[in-house]
Amino acid sequence: MSKIVFPKDFIWGSATAAYQIEGAYNEDGKGESIWDRFSHTPGNVFEGHTGDVACDHYHRYEEDIQLMKELGIKSYRYSISWPRIFPDGKGKLNEKGLDFYKRLTNLLLESGITPAITLYHWDLPQKLQDIGGWTNRDVTDYFTEFSETIIRSLGDVVPMWFTINEPFIAAFLGHLFGIHAPGIKDMRTTLQVGHNLLLSHGKVLKLYRELNQKGQMGISLNLSYKYPASDDPADIAATNLSFGTVGRWFLDPLYKGQYPEDVLRYYENMKVSFSYPEEDMKLISQPMDFLAFNYYSSEFVKHDDEMGFTHIDPEPGKFEETEMNWLVYPQGLYDLIMYLDREYGKPNIIISENGAAYKDEINSNGRIEDVKRTKYLIDHLSHAHRAIQDGANLKGYYLWSLMDNFEWSFGYSKRFGIIYVDHETQKRIIKDSGYWYKETIANNGFDI
Ligand code: FCB
């Protein structure tokens, strides 16, 4: 047995997002979001589930903070519902909505939990979608105004800020594959949206600096490591392209002020083009305080004549899969961190999400013995720790998720929590993985 000990000030966190947990979708003056509209439209979400009630966190946040306290969580990453603050996306402020986040934040502080805010986790006000959503450049200004309200209200007490959660997913799943809100399927729109999300990040980061804030701000990307499915040079090139479209497409603008040439050419060949003023890149590439990413899995890549690349499971059955059918590949977390460290100038890194969905059952003693989830966490944290030992500036880890919640188009059918939620009664039960996390936090590490 060996002991894994993390650096003294390592951030042990847990994460959620507003639409996935809050419920109260039309209370206290909240406006409609694109996820309200999308989930209310039949056929979009598993069995017609919606976030109308979700975990009812809007009414139960005190109990949820108490649970976090019991687990010893050091920092909590949560997102702000924009239409709760500005029901129309802009213009008239809804004080009651803002008040909820003030109460939540204050109680976190009183409980010794460091608040960490995500400004955009996908619930765009529907009123702004009606004027083109993220394809409309004006929306980047409305987002900046919304962010200014939040920063002016909570900036003094919140030390950690994530501008945009997973711009790739918001752009591609929402505007190319159509499986996330707003359910559009168009490649040109997708690239425009991706760009405007990066631009919004840049505008808010500039504002944060101008407001002389003392905390830290970064963006949260979805990243995985890509491995060639064979040593065939075509597969190796395909791997580079595959990471290019998801990873470098966002990382290069943020760190180098330009989109990667090879991926631009790839889109040009597909006859997709989009344009933007060159000065956008100045905003997008301002230095961040940290780079955050969400890591769940990695992929093996094969050349594909039509699309250039495709993902395959090279040895079916060799690796475990979670309930999402994502390969469990903890080595990828190490490889990814070291890659970012090498290629992007040793940034401070935050893992802003990591975790796994499994089928959880309550046993006859009322316990949830989610052994697989605990193993998943141990394996991933072990690789994260190895990256720290090898010199990477990994500062913190936010476990996804604090509690079972509305998993977007999968509704409530996937459970990611370390706290079980009975979606009928709203009863919460800490899973065994939650108790394991509690001990890990208390010991600042674990035995393997
Ligand atoms: C990420 C999202 C998060 C959650 C996890 C499982 O892509 O940021 O809200 O759905 O996946």
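This report concerns the structure included in the present document.

1. A look at the overall build of the protein
Step number 1: Helix and strand content of the protein: 15 helices and 15 strands.
Step number 2: Viewed in the frame of its principal axes, the protein has a C-alpha envelope of about 60 × 60 × 45 Å.
Step number 3: Counting the 448 residues in the protein, one finds 62% classified as buried.
Step number 4: Sequence separation of 24 or more characterises 76% of the internal contacts of the protein that already satisfy a separation of 6 or more.
Step number 5: Total accessible area computed for the protein in this model is approximately 17800 Å², and 49% of it derives from carbon and sulfur atoms.

2. Focus: the packing of helix α8 (residues 167–175) against helix α9 (residues 187–210)
Step number 1: One can describe the packing of α8 onto α9 by two numbers: an axis separation of 9 Å at closest approach and a directional angle of 155°. Overall, the two elements α8 and α9 adopt an arrangement that is roughly antiparallel. In this structure, α8 crosses over α9, and the sense of that crossing is right-handed. For the pair α8 and α9, contact is made by Pro167, Ala170, Ala171, Phe172 and His175 and by Met187, Thr189, Thr190, Leu191, Val193, Gly194 and Leu197, respectively.
Step number 2: Here the contact of α8 with α9 is built from residues that sort into eight nonpolar, four polar and no charged.

3. A closer look at the side chain of Asn196
Step number 1: Mapped onto the secondary structure, Asn196 falls in helix α9.
Step number 2: With residues near it in sequence (within four places) discarded, Asn196 still touches Trp134, Thr135, Asn136, Arg137 and Thr140.

4. Here's the deal with the pairing of strand β4 (residues 114–120)
Step number 1: β4 sits mainly inside the fold: six of its seven residues count as buried.
Step number 2: Judged from the four bridges that link them, β4 and strand β5 (residues 160–165) form a sheet pairing that is parallel. Among the inter-strand pairings, Thr118 is bridged to a residue of β5, identified as Phe162.

5. Some details on the pairing of strand β10 (residues 308–312)
Step number 1: Of the strand pairs in this sheet, strand β9 (residues 299–304) and β10 are connected by five bridges, and their pairing is antiparallel. Within β10, the position partnered with His303 by the bridge is Phe309.
Step number 2: Linkage of β9 to β10, two consecutive antiparallel strands, is achieved through a turn of three residues.

6. Comments concerning the site of the ligand
Step number 1: Surveying the vicinity of the ligand reveals the residues Gln20, His121, Trp122, Asn165, Glu166, Asn294, Tyr296, Glu353, Trp400, Glu407, Trp408 and Phe416.
Step number 2: Contact between the ligand and Gln20: an oxygen atom at 2.8 Å from a side-chain N or O atom of the residue.
Step number 3: Residue Trp408 places a side-chain N or O atom 2.9 Å away from an oxygen atom belonging to the ligand.
Step number 4: Compared with its free state, where it exposes 290 Å², the ligand has 95% of that area covered by protein.
Step number 5: For the shell around the ligand, a count of residues per class yields five nonpolar, four polar and three charged.

7. Observations concerning the nonpolar core
Step number 1: Trp35, Trp82, Tyr120, Trp161, Phe293 and Leu340 are the most contacted members of the largest nonpolar core, which has 150 residues in total.
Step number 2: Ranked by residues supplied to this core, first place goes to α9 with nine residues.
Step number 3: With residues near it in sequence (within four places) discarded, Trp35 still touches Tyr19, Val45, Trp122, Ile179, His180, Ala181, Phe406, Trp408 and Ser409.

8. Brief notes about the packing of aromatic side chains
Step number 1: Taken as a whole and judged by the stated rule, the model has 55 aromatic pairs.
Step number 2: Ring plane angle 40° and centroid distance 4.7 Å describe the contact between Phe6 and Phe10, whose orientation is recorded as tilted.
Step number 3: Take Phe10: its relative accessible area is 5%, and that puts it in the buried class.
Step number 4: With a centroid separation of 5.4 Å and 50° between ring planes, the pair formed by Tyr255 and Tyr344 is classed as tilted. Of this pair, Tyr255 sits in helix α10 (residues 233–256) while Tyr344 is found in the loop between α13 (331–343) and β11 (348–354), placing the two residues 89 residues apart along the sequence.
Step number 5: Given a relative accessible area of 29%, Tyr255 falls into the partly exposed group.
Step number 6: Cluster of aromatic residues (ring-pair linked, three or more members): Tyr225, Tyr227, Phe243, Tyr255, Phe300, Phe319, Tyr329, Tyr339 and Tyr344.

9. Focus on the sheet that holds β10
Backbone-to-backbone hydrogen bonds pair the strands of a sheet. The strands run either parallel or antiparallel.
Step number 1: Pairing in this open sheet of three strands is mixed, and the strands run β7-β9-β10 from one edge to the other. Strands with a single pairing partner mark the edges of an open sheet, and in this sheet they are β7 (226–228) and β10. Taken over all neighbouring pairs, the strand axes of this sheet differ in orientation by 45° on average, direction set aside.
Step number 2: Across the sheet, α10 is in contact with β7, β9 and β10; its angle to β9 comes to roughly 115°.

10. Focus on the side chain of Glu22
Step number 1: By the secondary structure assignment, Glu22 is in the loop between α1 (18–21) and α2 (34–40).
Step number 2: Residue Glu22 is classed as buried on the basis of its relative accessible area, which comes to 3%.
Step number 3: Engagement of the side chain of Glu22 in a polar contact is seen with the side chain of Arg84, the distance being 2.8 Å.
Step number 4: Residues in contact with Glu22, not counting those within four places in the same chain, are Val53, Ala54, Asp56, His57, Tyr58, Ser79, Ser81, Arg84, Phe100 and Tyr101.

The rules we used
Residues numbered from 1 in each chain as written. Predicted model: local features only at pLDDT ≥ 70, side-chain atom pairs only at ≥ 80, totals over all residues. Heavy atoms only, no water. Helix = DSSP H or I, 4+ residues; strand = E, 2+ residues; numbered from the N terminus. Buried < 20%, exposed > 50% of the residue type's maximum accessible area, 1.4 Å probe, protein only. Contact = heavy atoms within 4.5 Å. Areas by Shrake-Rupley, 256 points an atom, 1.4 Å probe, with all protein chains shown as cover. Axes fitted to C-alpha atoms, helices over the stretch in contact; angles between N-to-C directions. Parallel < 35°, antiparallel > 145°, perpendicular 65-115°, else oblique. Left-handed = near helix turned anticlockwise from the far one by under 90°. Nonpolar A, V, L, I, M, F, W, Y, C, P; charged D, E, K, R; others polar. Pairing = 2+ DSSP bridges. Near = heavy atom within 4 Å. Polar contact = N/O pair within 3.5 Å; in protein donor to acceptor, adjacent residues only side chain to side chain. Core = buried A, V, L, I, M, F, W, Y, C linked by side-chain atoms within 4.5 Å. Phe/Tyr/Trp six-rings, centres within 6.5 Å; stacked < 30°, edge-to-face > 60°.

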